[in-house]
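Spelled out from the first residue to the last, the chains are:
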Amino acid sequence: MGRKDGSITLFLALVLTLVFSLCFSLLEAARVQALHELAPRKLLLNLESLFGQYNPDLWAEYGLLFLDAGNEFGELDVALLEGRAMEETELAQRGAGFYQLAMKDLQVTEYALATDAGGAAFEKQACAAIQAQLAAGAAELIKGKLDGGKKIAKESEDLQKQWESAKNAMSEAEEIEQGKERVGPDGGEGAGDSGGTGYREGAEGCKKDEVSAENLGNVPENPVDSVDILKSSLMLNLVVEDPSGISGKAIPLSDTLSNRRKAQGNLKLSDEAGVDKLWFLQYLNRYFSCGSGPAQKGSEAHALEYELEYCVAGKSSDYENLEKTVKELLLIREAGNFTTIMQDGKKQALALEIATAAVGFTGAAPLIYAVKIGILLAWSYIESILDVRCLLSGGRVALVKAVSDWKSDVSVGEEVLKKKAEKTESREDGLDYREYLQILLLLVREETLVCRAMDIVERNMALKKELFKMDCQIHGVQAVGLYTASPLFLGFVTTQITDDGLYHFRGQSSLLYK
């Protein structure tokens with residue numbers, strides 16, 4: 001009987017068709033499942049490519065990574081990011097492959113800005129930038145000095161109360177002298193009540209401080225009134241060697257971050273431990289200029305020359321910022337000098353002589369003591385002016401000087417102040433001007449300090465790119481991407497193919513600058 005090859009070949013062909021169709025269907029199903037899982041990863045890669053377009057000037061000058069989403073009007077426009085991402089993917093997704101996905105659409109659903117939460121992202125990046133440049137214990141090296149300075153600054157607040165008490169005592173003494181108020185030892189009234197027992201109490205107080213009536217003849221003039229006027233006057237002419245060289249730059253405060261309406265992000269970031277303010281101070285010290293000169297890093301273009309002083313004072317002009325900073329610095333130095341002068345018995349004795357000569361006629365020991373403290377504070381303030389001159393001319397001054405380092409003489413205080421400001425001798429173991437500025441910055445509320453620092457960065461960057469805004473700088477996004485893929489194998493799996501003949505996959509991912 002003859003062999004029938006044709007029937008066997010047809011059957012085998014049908015079997016092979018079914019087998020291959022089943023294999024291709026399984027292979028396509030596995031591919032589709034893999035594409036589902038790859039869509040979020042593909043989106044993350046696309047976001048990483050987008051985030052690679054960070055502002056290069058901002059990175060080069062300040063070590064900060066942010067994605068600029070400002071439009072031609074200086075307003076936040078997240079659609080620009082979506083358009084940029086689509087352009088990037090169109091170039092990258094050419095060709096075909098087993099797992100080839102093509103982006104059809106991308107939407108940024110949530111985003112975080114550099115200015116959100118009081119500039120938390122800005123501060124965090126700044127601290128990370130300085131930590132990468134300095135040794136691990138660098139911030140601790142200055143921590144002791146800053147803590148000491150902060151303590152002295154707190155003491156300065158109490159000393160200002162004593163200063164007011166001294167002025168009130170002098171006013172009270174003047175009223176007594178004019179006969180407007182007569183105080184007796186028992187609180188009664190009478191022309192003779194201002195002497196007698198009350199005066200003896202004042203004399204006894206003088207005796208306790210080893211000062212006798214014989215010392216009241218020839219004493220220097222009371223400096224409290226003149227120093228009080230000095231405190232409320234412009235100080236820069238007294239402490240700056242060449243006032244004509246003070247920067248005249250200014251910025252409009254109405255357009256700063258704290259005064260204008262800012263854009264707000266809607267991406268809620270996970271709660272993380274706060275940064276150490278000491279590291280942020282080190283960042284400012286390295287990247288911001290000040291009255292003593294430029295910083296080690298930072299922008300070469302400056303909207304304000306005295307950037308650290310702006311962070312301290314927050315005024316519109318360099319002159320105002322330096323003026324306010326100097327006055328705050330004088331108060332810190334006054335407190336440090338007061339600690340020194342209270343260790344000098346001779347200066348205290350002289351202050352008591354001056355106080356007794358000024359208000360001793362009242363016979364009121366509390367008034368004499370209050371005025372004595374005021375004289376010591378005035379003397380400390382005169383010494384502080386010499387200290388700030390030294391700092392601004394590049395010298396160093398200890399937080400609390402030794403008695404032997406005292407420069408001024410209360411008897412010639414006004415003459416000292418009338419002299420032209422010039423560089424004086426400094427102590428190598430003291431703090432320089434920038435270190436004193438860090439003490440003042442430590443006293444500024446952290447959110448205010450970060451906001452002012454962002455003002456400086458924004459203004460300097462705007463000199464290179466007009467309409468640069470810190471509240472248009474993206475720190476992180478969460479996005480949803482729609483991807484398509486073409487069928488690769490013929491088979492039975494056709495349920496996910498839409499009318500356009502393609503598979504559609506949706507991925508969601510987020511990305512932040514670290």
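Predicted, not measured: the structure shown is a model, and the values here were computed from it. (Residues numbered from 1 in each chain as written. Predicted model: local features only at pLDDT ≥ 70, side-chain atom pairs only at ≥ 80, totals over all residues. Heavy atoms only, no water.)

S.K.: Residue-level account of the packing of aromatic side chains, with values.
M.R.: Scanning the entire structure with this criterion turns up nine aromatic pairs. Ring geometry for Phe122 against Phe280: centres 6.3 Å apart, planes inclined by 75°, an arrangement best described as edge-to-face. With Phe122 in helix H4 (residues 116-131) and Phe280 in helix H9 (residues 277-287), this residue pair connects regions lying 158 residues apart in the sequence. Of the residues examined, Phe122 reaches a relative accessible area of 0% and is grouped as buried. Seen from their ring centres, Trp379 and Trp406 are 6.3 Å apart, and the 90° between their planes marks the pair as edge-to-face. Residue Trp379 is found in helix H13 (residues 365-392), and its partner Trp406 is found in the loop between H13 and helix H14 (413-418); the two are separated by 27 residues along the sequence. (Phe/Tyr/Trp six-rings, centres within 6.5 Å; stacked < 30°, edge-to-face > 60°. Helix = DSSP H or I, 4+ residues; strand = E, 2+ residues; numbered from the N terminus. Buried < 20%, exposed > 50% of the residue type's maximum accessible area, 1.4 Å probe, protein only.)

S.K.: Can you tell me about a nonpolar patch on the surface, naming the residues and giving the values?
M.R.: Taken together, Leu12, Leu16, Phe20, Phe24, Leu27, Phe98, Tyr99 and Leu488 make up a surface patch of nonpolar side chains, about 700 Å² in accessible area. Phe20 gets classed as partly exposed once you look at its relative accessible area, which sits at 45%. (Patch = residues over 30% accessible without salt bridge, like charges linked within 9 Å, V, L, I, M, F, W, Y side chains within 5 Å. Areas by Shrake-Rupley, 256 points an atom, 1.4 Å probe, with all protein chains shown as cover. Salt bridge = Lys/Arg side-chain N within 4 Å of Asp/Glu carboxyl O.)

S.K.: Before we move on, could you go through the pattern of salt bridges and cite the residues and values that matter?
M.R.: Using the criterion set out here, one finds 21 salt bridges in the structure. The closest approach of N and O atoms between Lys249 and Glu305, which form a salt bridge, is 2.6 Å. In this pair, Lys249 is assigned in the loop between helix H8 (236-239) and H9 and Glu305 in the loop between H9 and helix H10 (307-313), connecting sequence segments 56 residues apart. The class for Lys249 is partly exposed, based on a relative accessible area of 31%. Overlapping salt bridges, with partners in common, bring together Arg333, Glu383, Asp387, Lys401 and Lys407 in one network.

S.K.: If you had to explain the nonpolar core to someone new, which residues and values would you point to?
M.R.: Grouped together as the largest cluster of nonpolar side chains are 102 residues, with contacts concentrated most on Phe122, Phe280, Tyr283 and Phe288. If one sorts the elements of this core by residue count, H13 sits on top with 17 residues. Filtering out sequence-adjacent residues up to four positions away, Phe122 remains in contact with Leu64, Phe66, Ala114, Phe280, Val450, Ala453, Met454, Val457 and Met470. With 29 residues, the next largest nonpolar core counts Leu47, Leu50, Phe51 and Leu101 among its residues. (Core = buried A, V, L, I, M, F, W, Y, C linked by side-chain atoms within 4.5 Å. Contact = heavy atoms within 4.5 Å.)

Remember, this is a structural readout, not a statement about activity or role.
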